[in-house]
Structure formats: structure tokens, C-alpha cells
Amino acid sequence: MNLQHPLARSPVTGRTRPFIIDLAVAACALAIFFAIIRTGVYWMGRPVTVVPISNAIGALPVYAFYSIVRMSIAYLLSLIFAITYGYVAAYNPRVEPWMVAVLDILQSIPVLSFLPPVVLAMVALVPGHQMGIEMGVILLIFTGQVWNLAFSFYSSLKSIPKEMVEASRVYRYSAWQRFWQLEMPYATIGLIWNSIVSVAGGWFALIACEMFTMGDRNFQLPGLGSYLQTATASGDIRALLSGIAAVILIVVATDQLIWRPLIAWSDKFKFEQVESADRIASPILELLRRSTLSAIPGRIFAHVEEPIYRRMARTKECQVVHPLDEGEIRGKSSAGLWVLAVAASGAVCWGAAQAIFMLKTVTWPDLRLLLEGAAATFLRVNVSLLISAAWTVPVGVAIGFNPKLARIVQPLAQILASVPATAFFPILLIGLIQIGGGLGIGSIALMLLGTQWYILFNVIAGAISIPSDLREVASLYRFTRWQRWTKLILPGIFPYLITGMVTASGGAWNASVFAEYFHMPGRTLETIGLGAQIDAATASGRFPILLLATILISLMVVTMNRLVWRRLYRLAETRYKLEG
Amino acid sequence: MQETVIPTAAPNPAPVSEAIIRAEKIEKYYAQPSQNRIQVISATDLKIVPGEILALLGPSGSGKSTMLRMLSGLSTPTAGQVYWHEKPIADAEINVSIVFQSFALFPWLTVLENVEAPLQARGVSPDERRERSMKMLDTVGLDGFEAAYPKELSGGMKQRVGFARALVVEPEVLFMDEPFSALDVLTAENLRSELLELWANKTMPTKAVFLVTHNIEEAVLLADRIIVLGRNPGHIRTDFRVQLAQPRDRKSEPFTQLVDYIYKVLTKPDVAPAEAPDPQAGPRIRDQRQMHYQMLPHARPGGMAGLLELLLDKGGRDDIYRLAEDLAFEIDDLLPIVDAAQLLGFLNIEEGDAAITESGTEFANSEILRQKELFRDAAVEHVLLLRQIRRALESKSDHTVPEDFFLDMLDEQFSEEECLRQMETAVAWGRYAELFDFDAGRRRFVLPDMQDEDAAASEDAK
Ligand SMILES: Nc1ncnc2c1ncn2[C@@H]1O[C@H](COP(=O)(O)OP(=O)(O)O)[C@@H](O)[C@H]1O
Ligand SMILES: [Mg+2]
């Protein structure tokens, strides 16, 4: 082996089948170019609020394309915003508690209820172009995706081992170098897993909100969501099924072409002292690694980077060692910051006052209805959680104890968790109505469809993590089945179960907004619930009700998080930690 | 002590040479999550001068790492000032490196990239970066491993990378924070001698080395000057030069004498050191607040029993240093056990020897139940915290007290982390002595079942 210059990429070796790949990559570049132009033309066109949707299957690729573009833009924006937000929060002790609190609350608010005001605002902001409406929808998906990403990045930054931070300080890394060599690598794995969850949530919302009615205005954007809803409205089952197939295809392709390679690649960022045995394999990543083109981004980056490093090294900033605790000691506060803080709090107060003022038009009967709805939705969410837990725990444990099966089912559960349940909802409802069920059951089914996979995924992981010697001890002492479950299995999977249920509960609340109100051909299905009231208020343009309902949902979610989930979490961390 | 011409280490003729780093009355306080602030370092003067390896020695938690961070500019003293060539360190362009106990390598970078990174930070061109790094890897014996990732290497090799990274920037002062304590004994020994060799041959351009360690032998083996740090809050107890020729022989008489001497200093935290060759240390400021809790050494009762039995076997008295050897213990693992036994009055330290006391003898000779009783008596008599917990439990009608109650009191005296460790040790001792039990779920102390407890019965009447 030639170790003289191990970093130099040898141009000859490894060129086994590069041409097809290189051609493909080049083709991709061309396609992207075309796509950008196409999107630009459409976006810059005159605003058409109701773009006619064709039921033809041949039109599907175009719709899928538009949806994917929306999704990608929203995701990229979230990623950039999340990183900026996490960075600012982690390094500014003054605003840190505020920013974390904002994260905590926004993470738990179901975004779908914001759709109408957001779209209105964006249409007003970008008048005369289709982009306004599009931006509204994109912004909405963005707000659904961004918070857990931001939180993941923030907590990664906070948990970087102290000695590594010290090393970066004492060796006088610039902020640039610290970001690329320490902070970003350390945060990558968390960002990837949270991206998977975020994008899944994004699809869920996107399918639901490409087509909606607000007051007397209809909005309908070309995309998979609109296609599915139109197909339902016209009762075209064939179109409906092919739409669902397209959605699944996209999810599976995303998983195989993006997430798996990313997870496999991110293995090198694992913070471990010794190499672990099991890794996720990704043939796509292997292919990419073999392509000579894969070296190009690195080389371009190096070219951009070198001058930056040289310039940074000459700044005063990089010639002294910065103490880690400088923030605590020099508590100087500039006047500008104060002015900013005062202005911000003034604006917030004004906004809050206006909002509360708006609530004055809500009548007592309205309020009673809302509270009833809140109770119903609360019940529904928790019933769906219980049902999920009831079947996923035994099944997940059985799967987890069988390593071969687990290896197959776990990635499958991950994919299933990413399939937007909203795509199945119409067909599910049609079926339910035929056998005499109603939306009450349907909404629970939707929540189940969307959320149970997170629990399953985590329970399997928990069961795998139970050390096999503990299981052997249990069988050695002839534990009864009851003892096995209460003494070994439940404590063992508890932390994982809680993690899964927290994720699932967030998803279920979000789903409730969509699940309790549905336009069918000829009629509107509705069941009692907060989500239904949000939808009804949207349809009739009653913003005060919308606002109050959103506040109620947020309050319930935040309270549940505080009172139940956080405590269970702490319990899981302290008592039920299996040191394996 | 032996007077020899020292061929490699500090050439004595220039003792007045200008300090590279000079600390003037530096103090450090840490804010606790509660409103309290605790003092970790009391006002201390210290100089790092060219040409010497300076070892900072002290029990864990005495503030050695804190001191190192202040001297290297990573942490700002709460009071006082650190100077780099007589310029305040915050504004000076300083050139130092740190070798960390946990290596602190970046796992996503290859060995070569890890070593190149500090050069990159200084704007060195790619070619020069690679050349210098490769040379340094060669020097530390890692040629051929440059493309490996740290996780593929053994602990010793990882620390070699740590050294290469530290030395590649040609630091004026090389700081090391317990660089060998995460390694096994043999590997550590190897690395130490290689480091000495580099230093002696002037292979590294480094002018001074500052070594933090809690290992006495390591300090005596390497250092030209040793500073012993006491704790609560950290203060210099003694500061002296080591006048032994390199290479030093662990078995030689002067060597063991010096180790013994340091032992004596360390095991008697309350007595001023007998003869400190160079009483350059600043005014010794003990804590201003009254300290009423002793620091519980983190030792298990079982360990104490084992030590006392061994001691009895040896006729009741033996050199601590030898005991450690007999037990195949790292000497600093033994120290907490000795401290604990001393605290409970089971043994005394005299001239570096451990001598068993009467109660210690009885303890060692008893069977387990009796041992628990003796331990209980000793604990209640000598350990304030345990006494308080027991009293509180007995006087409350429901016989339980939350852990927080005592944590709040400890918090005035110890850092958060130390509070938790103190509590952990207190729980271990209290459980062993059956003084109380601890409900980890509710984080409360509870009285154990009182069937056979006559002591508590009378208090119960209310
Ligand atoms: N960042 C910190 N915040 C609060 N307490 C700290 C911090 N760093 C260290 N301490 C406390 O200061 C004391 C000295 O710590 P340290 O310098 O790490 O000791 P040593 O290196 O000698 O073991 C310990 O009690 C430790 O718990
Ligand atoms: Mg330390």
C-alpha cells in the first residue's frame, strides 16, 4: 500500500464503473437546471389560486415534481434556519433561556392551524406572482419542520465534550474552523435523524394543505395533495390509488437514495472510542464513493477554504486564546442590545394585546363548543396513543428479541413512519363509510396510521438493547411471564417507549387538525373536536375562533409535555437506565 | 538528598530567568446552580520558567485542572492576573499546547488531519502543513498510521497523536493534564520515558513543560520542580525542586524517600509540610468561611476492611507505599481508602507509615455484623454529615428526609459535582452501617426497618 500521501486521491484506482455513474451525475445536473427554470417560470407567473387539477395518471410526475420542490425548499430553509438558531442560542447566554423556551413551545404547536393566516400574509407580501401562495405553503411546512432540527443542533452544541472545545480554543481555531471541524461533525448524526422525522412531518402537512378553502376563497396548488383530494372528490379510485403509489414511491426513494446513504456516511461522526461492529450499509453510498466525481465537491471546498483559513489566521481574533468563560465574567451589555430588547418586547406586547382583543368577539356558546371539542380531541389523541402502545409493545419486543427479524422490520418501520398518513386518509374514509363507520373512528385511525410506527421503531430498539445475559438470568430463575414483563422487559424498554410516545403524541396532535373534518364528494364529514373547529373556522374565515382553538391546543400539548412526558422522561433517565 | 550533576534537566545556573507565564494572586470561584459561589482556588502566585518540567500534584478535586486552564488562558481568573512574558495573557499572542487526559482528538478526522488542524488554524499552507505533521508523526512513532482514524488506535497510540498535535505547533509551553492516567501502566511508562527523551534531546523546541498529575511517582519521575496543591479551596502546600539525576530509578533510596515525603504532605492535609525546600509559595490562605463538613474520601467500607486486615497481618504498621505495592494498587487508588480509615479513627499516619489503632484492630478482628456495629459507632462519632442525617431521620415523625436538604448544606462548601459524590459516599457508608437507607426513586433518606434497632426506639416515643 502506498502510504506516502494517503490523502491524495489517486486518479486511476477505483475507476471500475465510473462512466455510467458519471454520466448519470451529469444528467442529474442537467435535470436540476431544467427543473429550476421550469419552477421559476411557474412561480413568476400570474397568481392562479385554483390551478385546475387533472385526474390523468400521466400528469402525476409533474404534480409529484411540484410537491417535491416545495418540500425540498422548505427543508433546506429549515436546515439553514435551525443551524443559525441553534448556534445563536448556544453561544449567547443572555438570550439562551428565551430561545430554548421558544423552541419548546413552538415545537408543540400544531402548525396546520396556521395555514390560512400564513397564506394570506404571504400573498399580500408577494403580490402579483404565484410565488406568494407557494411561499405561504412552504413557510407552513417550514414551521412544522424547523423546531426539532433547531433543538437537535442546539443540544448537540451544548453537549460537545469540554476537552474538545478546549482543544479548539487552545489551538486557536477560527469560528469557521470550529464550525466545520468540531460543531457540524458533532451535530451531524442528530441532524440526520431529526431530518427524517421532520421531512415525514412535512409530507404529512403538505399533502393536507395544498388544497384548502378559506372563507369564500379556494386555494389549490398543483401537487400530489391536490391530486389526491381531487381524485377523492370525483370518486376516481384508480387515480387515488396511483396517487398513493406515487407518494409511497417518493418516500421509499427518499429513504434509499438520501437517508440511508446519509446515515451510513454519518457513521464516521459517531462519537465513540472504539469502532462498533454493526453499521448500516448503503450500496448507493458505495457507488457514490467510487465515482471519481465524488471528489469534486471536496476539492472545490478545499479551494474555497484555504484562502479563508489563511485570512482568518491573520486576524487578531485568531492570535489569542479565548477563555471559555469570558461570557460569564464580562457581563457587559451594550445600549444597542437594550434598545433592541425593549423594542422587541414592545412589539410582542402590542401583538399579544391585539390578539387578545380579537378574542373578544368569541361568544360563550363558541367557547363551550371549543372546550367540548378540546376534551374530545384530547381523548382521541390519548386513545390512539394507548392503542398504538398496546399493539406495538408486544410486537416490538417479539421482533426485537429476534435479531434477524429486527434487522428487516426496523428499517421498514422507519419507512412506514415516513409515509404521510394523510395520503391514505381519503381511501380509508371511503372504506369506513361503506362499512358504516364514521369520522370519529376515522380520525383515530388516521392518528394511528401516522404515529404508531415511531413507537414500534423505538420499542424494537429498546428490546434489542436489553442485554442478552439479563434475559438468560430471567429464564435461569424461571421467571413467570408476568415477572419477565414487569421485572425485565418493561423497565428495559421504558426509556425507548417514552421517546417513541413523545414523538407519536406530537404527530397525533398535528393529525387531529386534519382528521376531524373532511370534504367528500357531495358532503362534509365532521366530528366533534378541536381540529374540526379549526377547520370549520378556516372555511368560514372566523379568525378569532381559529386563534382561540390554536391557543387551546397549544396549551394542552405544552401542559401534557410538562406534566406527563417530561416527568416520565426523567424517570426513564434516572431509574430505568440499563447499563449494558 | 542526592547531589548529582543533572545532565538533561533544568540547568541550575539561570534561576532568575524571566518567567514565561507568571500568575499573580489568581483566584477562581465557580457559580453554583444555586446562588452560592464556591472557591476552587485561593489566591496563588506561580511562575513557569524556561528549562524546567513543572509538576502540579494534588488529590483529585483540588483544582489542578482549573489551575492549568487559568495558566493556559482557557479560563479567566476571578481575581488576579496571569501574564505571558509580562503581558496580560488575554491580549498576548501566546503559543501553548495542551495534552488532554481524554486525548480530545476529533474522531471524524484522520490522524494526519488531527495533527494538521492546529497548523491550519495558523494559516500554514497545505504542503508545509503536511510536511510538518508527517515529521511530527514520525517523531512520536506513528509513521504509517496517518490515514487511520483515532478510534482504530489503542489508547497509547491515541495519546501519541495527542502529543504530535501538541508539538507540531512548536509550543513555548507544553501543558499536560493527567496525560497518562487513561492508559494502562506499561503504556504509560513507555510514553513517559519517550517524552523524557524528546525533552532531553531537545527534539522539541518547547521551553517549559507543565504537568498536572495525581500520581506521585509520575511527578517524581519526570519533574524538575514539584508543586503540591491542597484542596478546599486549592492552595499551594509546598513547592520544591527535585534534585535527582535523570534517568531516575524508582527503586533507588532517594527516589522512595522523596515519594514518602510527598506522601506525608498529602496524607496530612491540615499540617504544614515539614521541610519544604523552597518556601516560595504565597501566603497560605485557608478558607474564610468556616468549613464544618469534612471531605469524605470516596472509599468503600469493604476496601477499608481489607486494608485493615492486611495491616494487621503485617503487625499493625507498614509503609503506605509498600502497602500499595503489596495490594498491586496504584498508589493513588489506595490513598482514599487510607484517608477514610484515618477519618474513622481506624488508623493513624505517622511518617508515611500507616499504623492501626485499637478500634481498627478490633474492627479487623471482628466478624461482619460486629464490623458493621463498629463502623456505625465510628461513623456517628467522626463524620458530621452521617451524624446529621441520622439525627434528622430520628427526629422527624415520618422518618424520612429529602436528599436535597443535605445537598443544600453541602452546596455551600463543595462544587455541585463534589456534592453529589459526597452524597454518594455518605449513602454507601450509611447503608453499610445500617444507619439509614436511601430511596433512590424518591431521593429521600429513610430509617431502615427498626426491628432490631434499640437506639432509635426511645426517640420514637413522640
Ligand atoms: N465548570 C465548573 N463549574 C463548577 N465547578 C467546577 C467546574 N470545574 C471544576 N469545578 C470544581 O472545582 C473543583 C476542582 O476541579 P478540578 O480543577 O477539575 O480538580 P482536579 O483537576 O484537581 O481534579 C472540583 O470540586 C470541581 O468539581
Ligand atoms: Mg483534573
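Peer 1: Account for the overall build of chain B, with residues named and values stated.
Peer 2: Helix and strand counts for chain B stand at 16 helices and 16 strands. Across chain B, contacts joining residues at least 24 apart in sequence account for 71% of those joining residues at least 6 apart. When the accessible surface of chain B is totalled, it reaches about 19,700 Å², and 50% of it is carbon and sulfur.

Peer 1: Lay out the domain arrangement of chain B with the relevant residues and their values.
Peer 2: All names here are of chain B. By the assigned domains, chain B splits into domain 1 (9-267), domain 2 (301-382) and domain 3 (384-462). Put simply, the middle of domain 1 and the middle of domain 2, counted by C-alpha atoms, are 34 Å apart. With 15 residues of domain 1 at the interface, the matching set in domain 2 holds 13 residues. For the pair domain 1 and domain 2, the two sides together bury roughly 1,200 Å², of which 54% comes from carbon and sulfur. Inspection of the domain 1/domain 2 interface yields 0 salt bridges. At the boundary of domain 1 and domain 2, one finds 0 residue pairs in polar contact (both at pLDDT 80 or more). Going through the elements one at a time, helix 6 (216-222) and helix 7 (253-267) are the ones with two or more residues in the side of domain 1 that touches domain 2. The leading source of residues in the side of domain 1 that touches domain 2 is helix 7, at 7 residues.

Peer 1: Tell me what's going on with the interface of chain A and chain B, and back it up with residues and numbers.
Peer 2: On the side of chain B, 49 residues touch chain A, which itself brings 42 residues to the contact. In this assembly, chain A packs against chain B so that about 4,000 Å² is buried in total across both faces, 54% of it on carbon and sulfur atoms. Applying the counting criterion to the chain A and chain B interface returns 3 salt bridges. Seen at the junction of chain A and chain B, the total is 10 residue pairs in polar contact (both at pLDDT 80 or more). Within the residue set of the side of chain A that touches chain B, elements represented by two or more residues are helix 6 (162-170), helix 7 (175-209) and helix 11 (295-314) of chain A.

Peer 1: Got a sec to walk through the packing of aromatic side chains? Specific residues and values, please.
Peer 2: Pairs of aromatic rings are described using the distance from one ring centre to the other and the angle between the two planes. A full pass over the atoms with the stated rule returns 31 aromatic pairs over all chains. Aromatic side chains Tyr87(A) and Phe179(A) sit 6.0 Å apart centroid to centroid with 65° between the ring planes, which places their arrangement in the edge-to-face category. One end of the pair, Tyr87(A), is in helix 2 (residues 60-91); the other, Phe179(A), is in helix 7, and 92 residues separate them in sequence. The interplanar angle of 45° and the centroid separation of 6.5 Å between the aromatic rings of Phe363(B) and Phe375(B) together place this pair among those described as tilted. Of this pair, Phe363(B) sits in helix 11 (residues 358-365) while Phe375(B) sits in helix 12 (residues 368-382), and the two are 12 residues apart along the sequence. For the pair shown, Phe363(B) and Phe375(B) are each scored as buried.

Peer 1: Describe in detail the sheet that holds strand 2 (residues 37-48) of chain B, supporting the description with residues and values.
Peer 2: All names here are of chain B. Strands sit in the order 2-1-4-5 across an open sheet of 4 strands; the sheet is antiparallel. The outermost strands of the open sheet, each flanked by one partner alone, are strand 2 and strand 5 (87-88). Both strand 4 (residues 79-84) and strand 5 contribute to a ladder of 2 bridges, which runs antiparallel. Bridge pairing in strand 5 links Trp84 to Lys87.

Peer 1: Any details on the pairing of strand 2 of chain B? Residues and values, ideally.
Peer 2: Counting buried positions along strand 2 of chain B yields 9 of 12 residues, so the element is predominantly enclosed. Counting the residues in the hairpin turn of strand 1 (residues 21-31) of chain B and strand 2 of chain B gives 5 residues.

Peer 1: Can you tell me about the environment of Leu186(B), naming the residues and giving the values?
Peer 2: Residue and element names in this part refer to chain B. Within the secondary structure, Leu186 is located in helix 5 (residues 185-200). Given the relative accessible area of 67%, Leu186 is considered exposed. Expressed as a C-alpha distance, the spacing of Leu186 and Asp339, which sit 153 residues apart in the sequence, is 27 Å.

Peer 1: Provide a residue-level description of the pairing of strand 7 (residues 173-177) of chain B, including the pertinent values.
Peer 2: Residues and elements named next belong to chain B. Within strand 7, 5 of the 5 residues are buried, leaving the element largely enclosed by the surrounding structure. Of the two faces of strand 7, the one lined by Val173, Phe175 and Asp177 and the one lined by Leu174 and Met176 are each fully buried. Of the strand pairs in this sheet, strand 6 (residues 96-99) and strand 7 are connected by 4 bridges, and their pairing is parallel. Counterpart to Val99 in the pairing with strand 7 is Met176. Inspection of the sheet shows strand 7 paired to strand 8 (residues 208-213) by 5 bridges, in the parallel sense. Counterpart to Asp177 in the pairing with strand 8 is Val212.

Peer 1: I'd like to hear about a nonpolar patch on the surface, residue by residue, with values.
Peer 2: Where nonpolar side chains cluster on the molecular surface, the patch consists of Leu379(A), Val383(A), Ile387(A), Trp391(A) and Val395(A) and spans about 390 Å² of accessible area. Within the secondary structure, Val395(A) sits in helix 14 (residues 364-400).

Peer 1: Quick one: what's the story with the environment of Glu434(B), residue by residue and with numbers?
Peer 2: Within the secondary structure layout, Glu434(B) lies in the loop between helix 15 (416-432) and strand 15 (437-439). Between the C-alpha atom of Glu434(B) and that of Arg376(B), which follows or precedes it by 58 residues, the distance is 7.4 Å.

Peer 1: Can you tell me about the sheet that holds strand 15 of chain B, naming the residues and giving the values?
Peer 2: Strands in a sheet are paired, the pairing made by backbone hydrogen bonds, and the direction either parallel or antiparallel. Residues and elements named next belong to chain B. Spatial strand order, 14-16-15: 3 strands in an open sheet with antiparallel pairing. Of all the strands in the sheet, the pair left with one neighbour each is strand 14 (400-402) and strand 15. Averaged over neighbouring strand pairs, the angle between their axes works out to 30° when direction is ignored. Bridge count between strand 14 and strand 16 (residues 444-446): 3 bridges; the pairing is antiparallel. Looking at strand 16, one finds that Thr400 is bridged to Val446.

Peer 1: So what's going on with the side chain of Asp339(B)? Which residues, and what values?
Peer 2: Within the secondary structure, Asp339(B) is located in helix 10 (residues 331-343). Arg231(B) provides the closest opposite charge to the buried, salt-bridge-free Asp339(B), at an N-O distance of 4.5 Å.

Peer 1: Which residues make up the side chain of Ser67(A), and what values go with them?
Peer 2: All names here are of chain A. You can see Ser67 is positioned in helix 2. Residue classification places Ser67 among the buried positions, given a relative accessible area of 1%. Not counting residues within four places of it along the chain, the set of residues in contact with Ser67 comprises Trp203, Leu206, Glu210, Gly223, Leu224 and Gly225.

Peer 1: Kindly report on the domain arrangement of chain A, identifying the contributing residues and their values.
Peer 2: When its domains are assigned, chain A resolves into domain 1 (44-269 + 280-290 + 362-574) and domain 2 (328-357). Taking only C-alpha atoms, the centre of domain 1 of chain A and the centre of domain 2 of chain A are 32 Å apart.

Peer 1: Talk me through helix 15 of chain B; I want residue IDs and the actual numbers.
Peer 2: Note: α-helices contain 3.6 residues per turn, so residues at a spacing of three or four share the same orientation. Residue and element names in this part refer to chain B. Between its terminal C-alpha atoms helix 15 stretches 25 Å, which fits the 24 Å expected from 17 residues at 1.5 Å a residue. Every buried residue belonging to helix 15 is among Glu418, Cys419, Gln422, Met423, Thr425, Ala426, Val427, Trp429, Gly430 and Tyr432, and all of these are buried. A positive backbone phi angle near 55° is found at Glu434, which sits one or two residues after helix 15.

Peer 1: Help me get a handle on the site of ligand 1, residues and values and all.
Peer 2: Residues and elements named next belong to chain B. Contacts to ligand 1 come from Tyr30, Val40, Pro59, Ser60, Gly61, Ser62, Gly63, Lys64, Ser65, Thr66, Ser415 and Glu417. Thr66 is positioned with one of its side-chain polar atoms (N or O) 2.5 Å from an oxygen atom of ligand 1. Here the element with the most residues in the shell around ligand 1 is helix 1 (residues 64-71); it accounts for 3 residues. Grouping the amino acids of the shell around ligand 1 by side-chain chemistry returns 3 nonpolar, 7 polar and 2 charged.

Peer 1: Pulling in residues and values, what's your account of the pattern of salt bridges?
Peer 2: Where charged atoms of side chains with opposite charge meet at close range, the side chains can pair. The tally for this structure, following the rule as stated, stands at 39 salt bridges over all chains. Put simply, Glu306(A) and Arg129(B) hold a salt bridge, and the shortest N to O gap is 3.0 Å. In this pair, Glu306(A) is assigned in helix 11 and Arg129(B) in helix 3 (residues 126-139), connecting two distinct chains. According to the relative accessible area criterion, Arg129(B) is buried, its value standing at 6%. The salt bridge partner of Glu194(B) is Arg160(B), with a shortest N-O separation of 2.8 Å. Remark: Arg160(B) occurs in helix 4 (residues 155-168) and Glu194(B) occurs in helix 5; sequence separation between them is 34 residues. Residues joined by salt bridges that share partners form a network here, namely Lys162(A), Glu163(A), Glu166(A), Arg69(B) and Asp177(B).

Conventions and cut-offs
- Residues numbered from 1 in each chain as written.
- Chains lettered and ligands numbered in written order.
- Predicted model: local features only at pLDDT ≥ 70, side-chain atom pairs only at ≥ 80, totals over all residues.
- Heavy atoms only, no water.
- Helix = DSSP H or I, 4+ residues; strand = E, 2+ residues; numbered from the N terminus.
- Contact = heavy atoms within 4.5 Å.
- Areas by Shrake-Rupley, 256 points an atom, 1.4 Å probe, with all protein chains shown as cover.
- Domains from an automatic or database assignment.
- Buried area = accessible area lost by both parts, 1.4 Å probe.
- Salt bridge = Lys/Arg side-chain N within 4 Å of Asp/Glu carboxyl O.
- Polar contact = N/O pair within 3.5 Å; in protein donor to acceptor, adjacent residues only side chain to side chain.
- Phe/Tyr/Trp six-rings, centres within 6.5 Å; stacked < 30°, edge-to-face > 60°.
- Buried < 20%, exposed > 50% of the residue type's maximum accessible area, 1.4 Å probe, protein only.
- Pairing = 2+ DSSP bridges.
- Patch = residues over 30% accessible without salt bridge, like charges linked within 9 Å, V, L, I, M, F, W, Y side chains within 5 Å.
- Axes fitted to C-alpha atoms, helices over the stretch in contact; angles between N-to-C directions.
- Lys, Arg positive; Asp, Glu negative; His and termini not counted.
- Expected span 1.5 Å × (residues − 1).
- Near = heavy atom within 4 Å.
- Nonpolar A, V, L, I, M, F, W, Y, C, P; charged D, E, K, R; others polar.

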